[in-house]
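Observations on chain architecture
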Amino acid sequence: MRPSSSVRVVLVLVIVAVVAACRSGGLRRPSAEEVVQGFTDSTFIVDTISDGSTVGISQAHWVARRRSLDTQEFWTDISVLDVPGAEKNAKSMDQLTFTLALRELMASEPERAAVAFSALHLSARDEVVRSRARIGLTMALSWYSDWQALSRIGFNPDTIPAADSMASQAGVERWAHALQAMPLPSIDVPDLPVTVPLRRSSLGTPVVTVRVNGHPHEFWLDTGASMTLLSVAVANEAGVGLASNDTLALGVIAGHIPARAVYVDSLAFGPVNARGITAALVSSSALRLDHRVVNGQVRPIQIDGVIGTDLLRHLDLELDAGAGTMTIRKPKLDRHAKRNLYWVGYPVVRLVTNDGRPVLFGLDTGAEGTFVTTALLRKLPDTPMAMRRRIISGFGDDEIKTEWVARKVSLSDGDYAIVMGNIPVVPERRWTFVTFDGVIGSDVALSSRMHLDFLNGVFDVRRSRNEPTGINVSEKH
């Protein structure tokens, strides 16, 4: 039986009304950020899962076709490292000079960046430019660990809360004062590539054998650490001496830990030999981590030390966890390289979403897992979200915790995509004046063949030579 013309008209009107309601927001699905922030009504149901996070690698030839943000504000453009946008929106010569300095730093030209940032720090009329130029100057001078030049910048009392003594001891001013008499280190890298064994810790971080004054120890490769550090036990065995009597501190996830400045005659891994490198000395207990295993049991993990970006940014590295190898090359300048890795006081990777939008991720191979921030959800509002239930076992009753996770996020370096499932979501994070959309952790390093070349600004991921189809790394709770 066919519907009458009047019925058909009613059906058409209903469809039109539904479409109009969707367009006007009446039936609009809340964005991913609104879901996480709780800006939804009681009728919106969120899935609850217990699945762990996964990471995989697949081919994806995505290119940037859009700007990170549609903005007319200079400092907002700077926060996402949109230098062309910042140049367009600069309202003074001070701001325009700041973009020039930042461009040089992002192009791995720290000496040129230092000249421009120094001029702004001393003479900029704009107080905000002057303050942020000082931050940029410390970034540029830190590239070659030029502590003597860093010490000449002077102390800025506005950067450290007066009541936070540990934060003051962790400030670059205190480290520069303690290390100002130390000469620049010498880092020897052979001209031909060399491949050495790469292992993974029980927490999943990349580990290599390091020789401290000839004594072998196991160190983490940690791109999230600005300085190389070693434990007191390692320093005592290797005969490492203090560079200063100052009491200092290091910033860590949980706050700050006490540290001392040391001078290492020789720190070598594979064919690389860093002579006269400065490092942070911390107690062995501070480098002992608790790793939760089954049934609430905790296994202590002792770390001998950490190789930070003060060394890694002088190398061309390929980490292949699946093959258990690290290939080290001497960096050679390539003017035609497509830059997507920048060192701005912290390593930052620019990736691309499947709709062509650039996003910024911190690179921290010392972090146990990758996460995204609400800043990414703002750019990808249709990201499916869920609550993840985690059962933490221990003495007494089990404890149930929940967290927001993005069900699927795929981000490309241009040729391959990092495909992430059930990735934790955290509040928006900022490093100095840069806003992160997330942080790439050791799980991505373990799931790929990761290439890092700070000189040419290259970050890319490929499938491991031993895992042609890629692998997934799941969280275990």
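The preceding data block contains the structure.
All of these numbers come straight from a predicted model, not from anything done at the bench. (Residues numbered from 1 in each chain as written. Predicted model: local features only at pLDDT ≥ 70, side-chain atom pairs only at ≥ 80, totals over all residues. Heavy atoms only, no water.)

The next subject is the overall build of the protein. Along its length, the protein carries 14 helices and 29 strands. Within the protein, the fraction of its 477 residues that count as buried is 51%. Partitioning the intrachain contacts of the protein with sequence separation of at least 6 by distance along the chain shows that 65% fall at a separation of at least 24. Of the accessible surface of the protein, which amounts to about 22900 Å², a share of 53% is contributed by carbon and sulfur atoms. (Helix = DSSP H or I, 4+ residues; strand = E, 2+ residues; numbered from the N terminus. Buried < 20%, exposed > 50% of the residue type's maximum accessible area, 1.4 Å probe, protein only. Contact = heavy atoms within 4.5 Å. Areas by Shrake-Rupley, 256 points an atom, 1.4 Å probe, with all protein chains shown as cover.)

Another aspect to go through is the side chain of arginine 388. Here arginine 388 lies in strand E22 (residues 385-392). One polar contact links arginine 388 to serine 53, side chain to side chain, over a distance of 3.2 Å. Engagement of the side chain of arginine 388 in a polar contact is seen with the side chain of glutamate 403, the distance being 2.7 Å. (Polar contact = N/O pair within 3.5 Å; in protein donor to acceptor, adjacent residues only side chain to side chain.)

Now for helix H7 (residues 127-142). Between its first and last C-alpha atoms H7 spans 23 Å; for 16 residues at 1.5 Å apiece the expected length is 22 Å, and the two agree. Looking at H7, one finds that the buried residues are Val129, Ala133, Arg134, Gly136, Leu137, Thr138, Met139, Ala140, Leu141 and Ser142. Lining the buried residues of H7 we find helix H3 (74-79), helix H5 (93-106), helix H6 (110-123), helix H8 (147-151), helix H10 (172-179) and strand E18 (341-343). In this structure aspartate 126 caps H7, since a side-chain oxygen of it lies 2.9 Å from the backbone nitrogen of valine 128. (Expected span 1.5 Å × (residues − 1).)

This part takes up the environment of alanine 64. With respect to the helices and strands, the residue alanine 64 is situated in the loop between strand E2 (54-59) and H3. Residues alanine 64 and arginine 357, spaced 293 residues apart in sequence, show a C-alpha to C-alpha distance of 5.6 Å. The residues touching alanine 64, leaving out its near neighbours within four places in the chain, are Val352 and Gly356.

A separate point is the environment of aspartate 334. By the element assignment, aspartate 334 lies in the loop between strand E17 (325-329) and E18. Looking at aspartate 334, the relative accessible area reads 37%, which means it is partly exposed. As for aspartate 334 and asparagine 456, which are separated by 122 residues in sequence, their C-alpha atoms are 6.2 Å apart. Of note is the side chain of aspartate 334, whose polar atom sits 3.0 Å from the backbone nitrogen of histidine 336.

This part takes up the pattern of salt bridges. Applying the stated criterion across every chain yields a total of 14 salt bridges. For arginine 103, the salt bridge goes to glutamate 87, with nearest N and O atoms at 2.9 Å. Separated by 16 residues along the polypeptide, arginine 103 in helix H5 and glutamate 87 in helix H4 (residues 83-89) bring together distant segments of the chain. Glutamate 87 sits in the partly exposed class, given a relative accessible area of 31%. As a salt-bridge pair, glutamate 428 and arginine 378 come within 3.0 Å of each other at their nearest N and O atoms. Pair noted here: glutamate 428 is in the loop between strand E24 (416-426) and strand E25 (429-431) and arginine 378 is in helix H13 (residues 374-379), with a separation of 50 residues, a long-range link. According to the relative accessible area criterion, glutamate 428 is partly exposed, its value standing at 38%. Look at arginine 378 and you get partly exposed, because its relative accessible area is 44%. (Salt bridge = Lys/Arg side-chain N within 4 Å of Asp/Glu carboxyl O.)

Our next topic: the packing of H5 against H6. Interhelical geometry of H5 versus H6 gives an angle of 155 degrees and a closest axis separation of 8 Å. Looking at the two axes, H5 sits roughly antiparallel to H6. Here H5 and H6 pass one another in a crossing that is left-handed. On the side of H5, the interface is formed by Asp94, Thr97, Phe98, Ala101, Leu102, Glu104 and Leu105, while H6 contributes Arg112, Ala113, Ala116, Phe117 and Leu120. Here the contact of H5 with H6 is composed, by residue class, of 8 nonpolar, 1 polar and 3 charged. (Axes fitted to C-alpha atoms, helices over the stretch in contact; angles between N-to-C directions. Parallel < 35°, antiparallel > 145°, perpendicular 65-115°, else oblique. Left-handed = near helix turned anticlockwise from the far one by under 90°. Nonpolar A, V, L, I, M, F, W, Y, C, P; charged D, E, K, R; others polar.)

Helix-helix packing: each pair is described by the crossing angle between the helix axes and the interaxial distance. Running from N to C, H5 and H7 cross one another at 15 degrees; their axes reach a closest spacing of 11 Å. Judged by the inter-axis angle, H5 sits roughly parallel to H7. Pair H5 / H7 crosses with left-handed handedness. Across from Asp94, Gln95, Phe98 and Leu105 in H5, the residues of H7 making contact are Val129, Arg132, Ala133, Met139 and Ala140. The class makeup of the residues in the contact of H5 with H7 is 6 nonpolar, 1 polar and 2 charged.

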